[in-house]
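# Coordinates in review
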Amino acid sequence: MKTLDPLDGIAAFLTVSTHLSFTKAADELGMSRATVGAQVRQLEDRLGIRLFQRSTRKIALTEAGAAYREALSGILPQIREAERAATSFQKEAVGRLRVSAPPDLGHLVIVPAVSEFLKLNPAVSLELDLSHRAVNLVEDGFDLAIRGRLEVDINLITRQLATSSIVICASPAYIAEHGAPETPHDLAHHSCLHFAELRWGRIWPFSRNGEEFRIPIVPRLELNHSLGLRDAALLGVGIVLLPDFIVGEDLRQGRLIRLLPDWHISTIQLQAVYPANRHIAVKVRRFVSFLAGKLRS
């Protein structure tokens, strides 16, 4: 048996009772006159009472209809305000934005960008979860995640934000003491600083002139935190393999030196991932576009 919606027909009834006209009510509601009439009749049938006196020339509220209208007098403005509050999320950037991102990218890029984004969007608040864990956006209640290139569920949308090269580097102090490797095979004789969650495992991949080499390494230091590895490299502990967005400024300032420049390692596709539906909130679209601009610059 179908469950009856207690709101069925109420908007039609209230609009007709305001104008005492089915035609004017239909115009206001954007319905046909027949549809408005049918909704009112169904409401009367559900209540088991007549709400309007109808004649060929005019309609009027019955005593029960007048009492019903009085009892409902505040509901239509409340419904319209509720609709306005809901649709505002599609018209402007409002509400709480929950974002998941890896710690390294979060600390270096997203956190510095958040203050500027919040100033530009004063009706938005932001919750940022920095971890490497694979979140379920829907079940965990996140609006979007920022990640390196991943295989994603068909129910998710991805937008590429930027591409970052992976580079191999070491501090001037380390190179002065231990020398620089001339080929990837020389890494067997060096202290290697390894990111524990690297998808290749303890293998560093290199390619040149169409040839590919997979170099096994025995880490002198292994961490699951890339910023910690960067700090260790700056202190001269060893040679590190990290994305350009982490060590790029250190390379430009000479605090780290790029090694094996003729060899290609890999690139990371930085992506925004969010649930696939037809109505992406403005706050999500605006944050993704803002972050893409920051990463490109």
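Anyway, here's the lowdown on the structure attached to this text. Everything quoted here is computed from the prediction, not taken from an experiment.

This part covers the pairing of strand β7 (residues 192–195). Along β7, one buried face is formed by C192 and H194 and the opposite face, lined by L193 and F195, is buried too. In this structure, β7 lies alongside strand β10 (residues 219–223), joined through 4 bridges in parallel fashion. Counted as the bridge partner of C192 is P219 from β10. The sheet contact formed by β7 and strand β11 (residues 239–243) spans 2 bridges and is parallel. Following the sheet pairing, C192 is matched in β11 by I239.

Our focus in this paragraph is the nonpolar core. Counting residues in each nonpolar core, the largest one holds 63 residues, and the members touching the most others are L97, L144, I146, I168, W204, F206 and F287. Ranked by residue count, the leading element in this core is helix α11 (residues 282–296), at 8 residues. Among residues more than four places away in sequence, those in contact with F287 are L97, V99, I110, F117, L126 and L144. The next biggest cluster of nonpolar side chains, apart from the first, holds 16 residues, and it includes A25, L43, F52 and Y68.

Let's shift gears to the pairing of strand β8 (residues 203–208). The pairing of β8 with strand β9 (residues 211–216) spans 6 bridges and is antiparallel. Counted as the bridge partner of S207 is E212 from β9. The antiparallel pairing of β8 with β9 creates a hairpin that spans 2 residues between the two strands, and N209 there sits at a positive phi of about 55°.

You can see P261 is positioned in the loop between β12 (257–258) and β13 (266–275). A residue is classified by how much of its surface remains accessible, and P261, at 56% relative accessible area, is exposed.

Before going further, it helps to spend a moment on the pattern of salt bridges. Evaluation of the coordinates by the stated rule reveals 11 salt bridges. Here D129 and R133 are joined by a salt bridge, their closest N and O atoms 3.9 Å apart. The exposure class assigned to D129 is partly exposed, which follows from its relative accessible area of 22%. A residue is classified by how much of its surface remains accessible, and R133, at 42% relative accessible area, is partly exposed. The residue E222 makes a salt bridge to R202 at a minimum N-O spacing of 2.6 Å. Taken together, the residues span a long stretch of sequence, with E222 in strand β10 and R202 in the loop between β7 and β8 at a distance of 20 residues.

What follows covers unusual backbone geometry. A positive phi angle is found at L20, which is not glycine, with a value near 50°. Along the chain, L20 turns up in the loop between α1 (10–19) and α2 (22–29). When its relative accessible area of 40% is taken as the criterion, L20 is described as partly exposed. Of note in the backbone geometry, N209 takes a positive phi value of approximately 55° without being a glycine. Relative to the assigned elements, N209 resides in the loop between β8 and β9. Judged by its relative accessible area of 77%, N209 is exposed.

For the structure on display, the rule yields 6 aromatic pairs. Ring geometry for F117 against F287: centres 4.9 Å apart, planes inclined by 80°, an arrangement best described as edge-to-face. Of this pair, F117 sits in helix α6 (residues 103–120) while F287 sits in helix α11, placing them 170 residues apart in sequence. Owing to a relative accessible area of 0%, F117 belongs among the buried residues under this scheme. Seen from their ring centres, F213 and W263 are 5.4 Å apart, and the 70° between their planes marks the pair as edge-to-face. Of this pair, F213 sits in strand β9 while W263 sits in the loop between β12 and β13, and the two are 50 residues apart along the sequence. In this structure F213 comes out as partly exposed when scored by relative accessible area, which is 22%. Among the residues examined, W263 registers a relative accessible area of 9% and is labelled buried. A cation sits over an aromatic face here: R98 above F142, 4.2 Å from the ring centre.

Another point: the side chain of S266. Mapped onto the elements of the fold, S266 is located in strand β13. Contact partners of S266, with chain neighbours within four places excluded, come to S165, I166, R199 and W200.

Looking only at helix α10 (residues 244–253), the buried set comprises I246, V247, G248 and D250. G254 occupies a position one or two residues after α10 and carries a positive phi of about 80°.

To continue, consider the packing of α2 against helix α3 (residues 33–47). In helix packing, the relevant descriptors are the interaxial angle and the interaxial distance, both defined with respect to the helix axes. Relative orientation of the contacting elements α2 and α3 amounts to 105°, with a least axis distance of 8 Å. Comparing their axes, α3 and α2 come out roughly perpendicular. Here α2 contributes F22, T23, A25, A26 and L29 to the contact with α3, which in turn contributes R33, V36, G37 and V40. For the contact of α2 with α3, the per-class residue count stands at 6 nonpolar, 2 polar and 1 charged.

The rules behind the values
Chains are numbered independently. Their residues run from 1 in the order of the written sequence. Owing to the predicted nature of the model, reporting of local features is limited to residues with pLDDT of at least 70; listing and counting of side-chain atom pairs is limited to 80 or more, with chain, interface and lining totals taken over all residues. In computing side-chain values, all of the structure's heavy atoms are included and hydrogens and water are not. Only protein chains enter the accessibility calculation, which uses a 1.4 Å probe; a residue whose area is less than 20% of its type maximum is buried, one above 50% is exposed, and one in between is partly exposed. Secondary structure follows DSSP: runs of H or I at least 4 residues long count as helices, runs of E at least 2 residues long count as strands, and numbering of each begins at the N terminus. A strand pair is defined by DSSP finding two or more bridges across the two strands. By nonpolar core we mean a set of buried residues, namely Ala, Val, Leu, Ile, Met, Phe, Trp, Tyr and Cys, connected to one another through side-chain atoms within 4.5 Å. Residue contacts are counted whenever heavy atoms from the two residues lie within 4.5 Å of one another. Take a side-chain nitrogen of Lys or Arg and a carboxyl oxygen of Asp or Glu: if they are within 4 Å of each other, that pair is a salt bridge. Only Phe, Tyr and Trp rings are paired, with Trp represented by its six-membered ring, and only when their centres lie within 6.5 Å; those with planes under 30 degrees apart are stacked, over 60 edge-to-face, the remainder tilted. Charges are assigned to positions over rings by a cutoff of 6 Å between ring centre and Lys NZ or Arg CZ, combined with an angular limit of 35 degrees from the ring normal. To obtain an axis, a line is fitted to C-alpha atoms, over the contacting stretch when the element is a helix, and the angle between two such axes runs from 0 to 180 degrees between their N-to-C directions. For classification purposes, an angle smaller than 35 degrees is called roughly parallel, one larger than 145 roughly antiparallel, one from 65 to 115 roughly perpendicular, and anything else oblique. Charged residues are taken to be Asp, Glu, Lys and Arg, nonpolar residues to be Ala, Val, Leu, Ile, Met, Phe, Trp, Tyr, Cys and Pro, and polar residues to be all remaining types, Gly included.

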